[in-house]
Amino acid sequence: MLFVSAAASVLAAALALPAPGESTAVRGGTVVNPDGSRIENAVVVMVDGKITYVGPDVPPPSPPPPPPAEPDKPAEPDKPADPNKPAEPAPEKPAEPAKPAEPAQQAEPPKSSVIPADATVYEAAGKVLFPGMILAHTQIGLDVPNENMPVAPFVNVYDAIEPNALEWEECLRSGIATIHVIQGNNTVLAGLSRIVRPQGEMVEAMTVRADYAMKLSISPRAGFNRMTQMAELRRAFADLDQHLKDVAEKRYEEEQTKKSEKVLIPPDEAQKEGAKLVRAEDVESRFRNLWRLSKGEIPLFVHCDRAMDVERGIAFVKELKLLEKSVFVVGPEAWKVVDSLKAAGRPVVLSPILVHKEPDPATHKDRETFVPKVFADAGVPFVLQPAGFGFTADGQLWYQAARCVREGVSREAALAAITQNAANAIGMGEALGSLAVGKWGNLAVLSGDPLAQTTVVEKLYIEGKPAYDRATDRRVKELTTGQPQPVTEPKQDAAKPDAKADGK
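Residues numbered from 1 in each chain as written. Predicted model: local features only at pLDDT ≥ 70, side-chain atom pairs only at ≥ 80, totals over all residues. Heavy atoms only, no water.

A.B. asks: How should I be thinking about the confidence of the model for the protein in this particular structure?
C.D. replies: A low pLDDT means the predicted coordinates there should not be read in detail. Taken as a whole, the protein shows an average pLDDT of 86; of its residues, 82% reach a score of 70 or greater. Taken together, the stretch residues 1–18 has pLDDT below 50 and engages in 61 contacts with residues farther than four places along the chain or on a different chain. Counting contacts from residues 492–504, a segment whose pLDDT is below 50, to residues more than four positions away or on other chains yields 2 contacts. (pLDDT = per-residue confidence, 0-100. Contact = heavy atoms within 4.5 Å.)

What follows is the structure, encoded as structure tokens:
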């Protein structure tokens, strides 16, 4: 794999995207899904951005045989001629004009019967067709990973995403089709995240899901201890609770005034009655995201670096009644509390550091634990994330998965950790994570096995449209040939004279 970067828009602008409604088919390759299933000589059909067929490349059915010929009927005997009637001359048949010779037609390559007639077909013989990989938790593309304020639930990564960031092109080159961009772990309470695709001139064009999730950290941010961290977290939710009580009481009084009735109940009861009347516009903007989170409308990513933080984090989100909406982002030490995470039954995003080291109390030598193996053995699905994205071997999702297999994790669990499990963690398991009918057409055409070191991404389709082609990758050509390649600029219409300026 090549670890190079550039603006994603340069690649995207050079690729012709099919018009809406147009269908695309990739055939001849081997489909490899994270569950271990394989389909040789397969075809994947994508219509309107979704997969409509995954299976063998079935040849068109043979025409039905002609019906059997009916047996010849016996000829009727000739009637005797009438001797009194003169014989009629036989009519002469006009000569038929000679038919012009038909031009020779070139034989068209046969199409599979499952491919629509208007489909754009891409041949992938000898290649591997794999689901577009997913980054379920990352800060790539942000100008800064964290705000200076420890409690900032009112911020939004929309304001910090740079569409021309270098990492987007590397995502395309690495076969990553979906990215969940969320603030970093050096926080107490962070703002709204966003799920994006790694292409587009504007954030709006990149967006898959806006304002998706929020993050809180149980582990202390820089300069905080654990007591300070938890105090800040509890104060944030206490401030929200008091604000909502004030808003609810005010709304109840407003409704009573409209009815020309007096407020005859104590404030605590007015708050309970008014809570049913609170609207989003009534809540101050600094509390609005946190209010939505408290109602379970927004998923919550919970950062827990140490084993003790995991236990405290599970208890805290249970206290908030948000466990069913939580995803745990854990550190290398989390293998010690794998049973607690299994009991919680929530998605787990592992640290990019896959090996936990600590001194053995008996020998005082470093004892190494391969963290994903512990989770796999316990039957806990996990999600992988890269380290130092794009610039080192462990900065690649495929490498992290391959390393898991080398350490004894099953191939299926390792592949799921960068596809299906990651899709589940960001709430898109029904749409992403595997090549199946009804899912989005996010498909990577690989030169070989997804976990092989020599494998490269030759093409990437996002929602059924071509998003990356290694054959037109300018920077790959520069690296492989050593020669500078021209930059393809978007075509512009020739300048036309201004009618108003000419006085016309």
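A.B. asks: Would you take a moment to explain the nonpolar core for this structure?
C.D. replies: Inside soluble globular proteins, nonpolar side chains tend to come together where they are buried. In this structure, W168, I179, F328, L341, F375 and L384 are the most contacted members of the largest nonpolar core, which totals 90 residues. With near-sequence residues (within four places) excluded, F328 lies in contact with V302, C304, G313, I314, V317, L323, L341, R346, P347, V348 and V349. If you look at the next biggest cluster of nonpolar residues, it comprises 19 residues, including F301, V327, V329 and A425. (Core = buried A, V, L, I, M, F, W, Y, C linked by side-chain atoms within 4.5 Å. Buried < 20%, exposed > 50% of the residue type's maximum accessible area, 1.4 Å probe, protein only.)

A.B. asks: I keep staring at the sheet that holds strand 7 (residues 176–181) and nothing clicks. Help me out?
C.D. replies: Through backbone hydrogen bonds, the strands of a sheet pair up, either in parallel or in antiparallel fashion. A sheet is described by the order of its strands in space; here 4 strands give the open sequence 6-7-9-10, paired in mixed fashion. The strands lining the two open edges of the sheet, one partner per strand, are strand 6 (133–138) and strand 10 (207–209). Averaged over all adjacent pairs, the angle separating strand axes in this sheet is 25 degrees, with direction ignored. (Pairing = 2+ DSSP bridges. Helix = DSSP H or I, 4+ residues; strand = E, 2+ residues; numbered from the N terminus. Axes fitted to C-alpha atoms, helices over the stretch in contact; angles between N-to-C directions.)

A.B. asks: Please explain the pattern of salt bridges as it appears in this structure.
C.D. replies: Any two side chains of opposite charge can pair, so long as their charged atoms come close to each other. On inspection of all chains with the given rule, the structure shows 34 salt bridges. As a salt-bridge pair, R173 and D473 come within 2.8 Å of each other at their nearest N and O atoms. Of this pair, R173 sits in helix 2 (residues 167–173) while D473 is found in the loop between strand 20 (465–469) and helix 13 (474–481), placing the two residues 300 residues apart along the sequence. As far as burial versus exposure is concerned, R173 and D473 are alike and both buried. One salt-bridge network, held together by shared partners, links R251, E254, E255, K258, R279, E281 and D282. (Salt bridge = Lys/Arg side-chain N within 4 Å of Asp/Glu carboxyl O.)

A.B. asks: Sorry if this is basic, but what is going on with the sheet that holds strand 12 (residues 300–304) here?
C.D. replies: A sheet is described by the order of its strands in space; here 6 strands give the open sequence 8-11-12-13-14-17, paired in mixed fashion. Strands at the two margins of the open sheet, each flanked by one partner only, are strand 8 (189–190) and strand 17 (382–383).

A.B. asks: Hey, could you run me through the side chain of H243 in this one?
C.D. replies: By the element assignment, H243 lies in helix 4 (residues 226–258). By relative accessible area, which is 11% here, H243 ends up buried. If sequence neighbours within four positions are ignored, H243 has contacts with D282, V283, E284 and F287.

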